[in-house]
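Single-letter residue listing:
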Amino acid sequence: MANRSDFFNANLPRYLKKMISLGEVSGAISKEHANFARKSFTEAHAHHVDFKLRRNSENNRDATEEG
């Protein structure tokens, strides 16, 4: 599935939504646990995106081209 990355655009990426939904449907987790997981993953993902955006905007050795 090319060009399906929603890492920077979604509040909760597709693969996390699917993981939580499958857990709910299979009965592995309750609705309360699923809601807690959604909230926790959403907050963690926001911090992760913020970190990656800050890291990519700074000058670091991974961003420089060596010829």
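Conventions used here
Residues numbered from 1 in each chain as written. Predicted model: local features only at pLDDT ≥ 70, side-chain atom pairs only at ≥ 80, totals over all residues. Heavy atoms only, no water. Helix = DSSP H or I, 4+ residues; strand = E, 2+ residues; numbered from the N terminus. Buried < 20%, exposed > 50% of the residue type's maximum accessible area, 1.4 Å probe, protein only. Contact = heavy atoms within 4.5 Å. Expected span 1.5 Å × (residues − 1). Arc of directions from axis to C-beta.

Caption draft 1: Focus on the overall build of the chain. Along the chain, the regular secondary structure elements total 2 helices and 0 strands. In the chain, buried positions account for 18% of the 67 residues. Sequence separation of 24 or more characterises 48% of the internal contacts of the chain that already satisfy a separation of 6 or more.

Caption draft 2: Spotlight on helix H1 (residues 14-26). Between its terminal C-alpha atoms H1 stretches 18 Å, which fits the 18 Å expected from 13 residues at 1.5 Å a residue. All buried positions along H1 are accounted for by Leu16, Ile20 and Gly23. One side of H1 holds all its buried residues, which, seen down the axis, span an arc of 60°. Seen from the buried face of H1, the exposed residues on the opposite side, beyond 90 degrees, are Tyr15, Lys18, Leu22, Val25 and Ser26. Looking at the buried residues of H1, the elements they touch are helix H2 (31-57).

Caption draft 3: Molecular detail of H2. Over its 27 residues, H2 runs 39 Å from end to end, which matches the ideal 39 Å to within 8%, given 1.5 Å per residue. For H2, the set of buried residues is Ala34, Ala37, His45 and Val49. Elements that come into contact with the buried residues of H2 comprise H1.

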